[in-house]
Amino acid sequence: MTPEATSDSGTRVLPLILDGGNRQLLVEWIDGHPSLEPVELADGIGETTFDVCILDKAAFRKHHDKLRTKKTTTAPVLLPYLLLLPDSESDIVETDAGQLADNVVTETVDELVTMPIQQAELHWRLAALLRLREQSLTLHDRKRELERQVDVFTTAQDIANVGAWEYDIDADEWWWSDEFRRIYGLSPDTPPSQTESFQYYHPEDRPIIEEAFDAAVEDGEPYDLDLRLTDAEDDHRWVRTIGEPQHVDGELSSVRGIVQDITERKDRQQ
């Protein structure tokens, strides 16, 4: 489910209060804050669009299952619920053996406040929950953008016959993309290694790539070479191999590069 963004007119607050008098007071309080917008309960919790819900004990018990479902469907974006309890019931979390005690502040309710409460404190509590929601929205957006970039990168590899690789100098560890393995004719579960990276090059070209790679690791020298390759399936091809040293805080940390199948281009040239 796509997270619901905050409306242009303000943060949408669902006042889920069954006590008519208290609900009216809460709606008036929300109306007094330009950044907040009260919303009415639609055909159900699932059909109502809101950014935060303020509810009382009676509403919690009545709508508990649908509130939990709504929160689950919007995850990992936080949909915060703030529960209001009379001061005389402030110990309900410890004493109530039902759903309220089992789920408050863990699975359903995110914040518990006792009444009466100063308006300034209610505003502060609400603002804290909304900051958490905004942070979860930001993280979700970043994750989606990263997934999009990975998808674009994977598609570009497939179209351009380009495989990517990286060598971590400190850890002495290799990483290959799936397209890299395909170009080399290797199975998807082949573990990356320096031996596997170089052994398929033509015997006359193997010293060239080994020397270029050593210079990249030891001296930070980049390289861009066209070399002959006989893959694991004994198919002959030309590849363009590029290595770019990477630095962290001025220190050489890794070498990243690509391998591109340029056999067709070489055939046309010849």
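Here goes a summary of the coordinates provided. What you see is a predicted model; the values in this text were computed from it and never measured.

Section: the sheet that holds strand 4 (residues 81–86)
At step 1: What the five strands build is an open sheet, ordered 2-1-3-4-5; its pairing is parallel. The two strands at the open ends of the sheet, each matched to only one other strand, are strand 2 (36–38) and strand 5 (111–115). Neighbouring strand axes in the sheet, compared pairwise and without regard to direction, differ in orientation by 25° on average.
At step 2: Where helix 2 (residues 57–74) meets the sheet, its contacts fall on strand 1 (11–16), strand 3 (52–56) and strand 4, and the angle it forms with strand 3 comes to roughly 150°.

A word on the nonpolar core
At step 1: Grouped together as the largest cluster of nonpolar side chains are 21 residues, with contacts concentrated most on Trp 165, Tyr 184, Tyr 201 and Val 259.
At step 2: Sorting the residues of this core by element identifies strand 6 (162–168), strand 7 (173–176), helix 6 (178–184), helix 8 (206–219), strand 8 (223–230) and strand 10 (251–261) as the ones contributing at least two each.
At step 3: In terms of residue count, the dominant contributor to this core is helix 8 (four residues).
At step 4: Ignoring any residue separated from it by four or fewer positions in sequence, one finds Tyr 184 in contact with Glu 196, Ser 197, Tyr 200, Tyr 201, Leu 229, Asp 231, Ala 232 and Val 259.
At step 5: In terms of nonpolar packing, the next biggest core, distinct from the first, is built from 16 residues, Leu 26, Trp 29, Ile 30 and Leu 36 among them.

Let's talk about helix 8
At step 1: Between its first and last C-alpha atoms helix 8 spans 20 Å; for 14 residues at 1.5 Å apiece the expected length is 20 Å, and the two agree.
At step 2: Three or more residues of helix 8 are buried, namely Ile 209, Ala 212, Phe 213 and Ala 216. Down the axis, helix 8 shows its buried residues gathered within 95° of arc, on one side only. Residues of helix 8 that are exposed and point more than 90 degrees away from the buried face comprise Glu 211, Glu 218 and Asp 219.
At step 3: Once helix 8 ends, the next one or two residues include Gly 220, with phi positive near 70°.

Observations concerning the sheet that holds strand 6
At step 1: Strand order across the open sheet formed by five strands is 7-6-10-9-8, with antiparallel pairing between neighbours. With one partner strand each, in any of the chains shown, strand 7 and strand 8 form the two edges of the open sheet. Recorded for the sheet is a direction-independent mean angle of 25° between the axes of neighbouring strands.
At step 2: With four bridges joining them, strand 6 and strand 7 adopt antiparallel strand pairing. Across the sheet, Trp 165 pairs through a bridge with Trp 176, a residue of strand 7.
At step 3: Contacts from helix 8 reach strand 6, strand 7, strand 8, strand 9 (236–248) and strand 10 within the one sheet, and its direction differs from that of strand 8 by about 145°.

Procedures and definitions
Residues numbered from 1 in each chain as written. Predicted model: local features only at pLDDT ≥ 70, side-chain atom pairs only at ≥ 80, totals over all residues. Heavy atoms only, no water. Pairing = 2+ DSSP bridges. Helix = DSSP H or I, 4+ residues; strand = E, 2+ residues; numbered from the N terminus. Axes fitted to C-alpha atoms, helices over the stretch in contact; angles between N-to-C directions. Contact = heavy atoms within 4.5 Å. Core = buried A, V, L, I, M, F, W, Y, C linked by side-chain atoms within 4.5 Å. Buried < 20%, exposed > 50% of the residue type's maximum accessible area, 1.4 Å probe, protein only. Expected span 1.5 Å × (residues − 1). Arc of directions from axis to C-beta.

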